[in-house]
Amino acid sequence: MSKHTKQRWPEPEELAEILADIKYGTPYLFDIARIIFEDTVDPEAYHRDASEAEIVQCNMAFSEWTLFDFDMGNEMTPLKRAARQDPSLTEFSDTQFYSVFWVISQDRRTNVTRLRDIVTCEDFLVQDPMLARNTRWANGLLGSRIARVDGVWRLAGQVHLHDNAESHPLPHNEKGDGLGIQNPSAFISHVQSVLGYDGLYNGTLLESGLVDDTVRSL
C-alpha cells in the first residue's frame, strides 16, 4: 500500500458491484462459491418450506462469505482483487476480519462500542450507531466482521449473529497487536454452526442484521 494513497471505506454499491463482477463476469467461479458454501453450511432452511426471511438470511451469509473469504485462486478473494485494482481499498481489505466478540460496553453518546475478541481477548473500539444503541446485544456473544481505516474500526460485514446465551468475558489481553486474526474459515464455520442443518447452535440465533440492502439480491 502506497503511503500516498488515501484510504477509504467502500460504498455499499461498490461491494455489490464486486459481487456482480463475480456472478456475471466469471459465473463458473460464482457457481463454485455457491457449491462450497452450500456443501459446507448445508442450510437448515433448504430442508423445509422456509420463510422469506430465512432465505434472505442465507443469501446474506453467502454474499458476505463470497466477497470477503472465497478463494478464487492463489488466496485472492473478490475483495482483495478489487483492492489491487483500487489501492484506496487496501487498508479496508487488509484489516477486515470476522470473529465472535463479547460486547464490553456501548456508548450511545459517542456511538462507540468496545468489543472483546473471544479468540485473542483483544479489545476493539468500533464506531457504529446501530451497534452502540442495540441494547439486545449487550449480553451474550456477537459474531461480526469489522475493519479499520485511518485508525477507525467500523462494522464491515452485513451479517451479525447474536446469541444471548450467558457468557462471561475473559480479561483483556493488553499485549496483542490490535489487528485481529484473518481466518477465512471463521465466518463460514460460525454460519454453519448457527444456520446449518446439523449446526451445533441451530435454533439459538436471536438476531441477524443487514448493513445495506444492496447486497441482499446477489
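Just so we're clear, the structure is a prediction, and the values are computed from it rather than from any experiment.

Rules of the game
Residues numbered from 1 in each chain as written. Predicted model: local features only at pLDDT ≥ 70, side-chain atom pairs only at ≥ 80, totals over all residues. Heavy atoms only, no water. Helix = DSSP H or I, 4+ residues; strand = E, 2+ residues; numbered from the N terminus. Buried < 20%, exposed > 50% of the residue type's maximum accessible area, 1.4 Å probe, protein only. Contact = heavy atoms within 4.5 Å. Areas by Shrake-Rupley, 256 points an atom, 1.4 Å probe, with all protein chains shown as cover. Phe/Tyr/Trp six-rings, centres within 6.5 Å; stacked < 30°, edge-to-face > 60°. Lys NZ or Arg CZ within 6 Å of the ring centre and 35° of its normal.

A. Broad picture of the overall build of the chain. When helices and strands are tallied, the chain shows 7 helices and 6 strands. Starting at the N terminus, the α and β elements of the chain follow one another as α-α-α-α-α-β-β-β-α-β-β-β-α. Counting across all 218 residues of the chain, residues that qualify as buried make up 47%. Within the chain, contacts between residues at least 6 apart in sequence are counted, and of these 66% link residues at least 24 apart. Carbon and sulfur atoms provide 49% of the accessible area of the chain, an area that totals close to 11200 Å².

B. Just the environment of Pro 129, in detail. Among the structural elements, Pro 129 can be located in helix α6 (residues 129-133). Taking the C-alpha atoms as reference points, Pro 129 and Asp 107, 22 residues apart in sequence, are found 9.0 Å from one another.

C. Region of interest: the packing of aromatic side chains. This model, assessed by the stated rule, comprises 12 aromatic pairs. Here Phe 30 and Phe 62 contribute two aromatic rings whose centre-to-centre distance is 5.4 Å and whose plane-to-plane angle is 85 degrees, an arrangement assigned as edge-to-face. Here Phe 30, found in helix α2 (residues 27-41), pairs with Phe 62, found in helix α3 (residues 52-68); they are 32 residues apart in sequence, far enough to count as distant. Here Phe 30 matches Phe 62 in class, with each residue buried. Here the aromatic rings of Phe 37 and Phe 62 are separated by 5.5 Å at their centres, their planes lie at 65 degrees, and the arrangement is edge-to-face. In this pair, Phe 37 sits in helix α2 while Phe 62 sits in helix α3, placing the two residues 25 residues apart along the sequence. Across the pair, Phe 62 and Phe 37 agree in class, each one buried. Each residue in the set Phe 30, Phe 37, Phe 62, Trp 65 and Phe 70 is aromatic and connected to the rest through ring pairs, giving one cluster. The aromatic ring of Phe 187 is capped on one face by Arg 145, whose charged end is 5.2 Å from the ring centroid.

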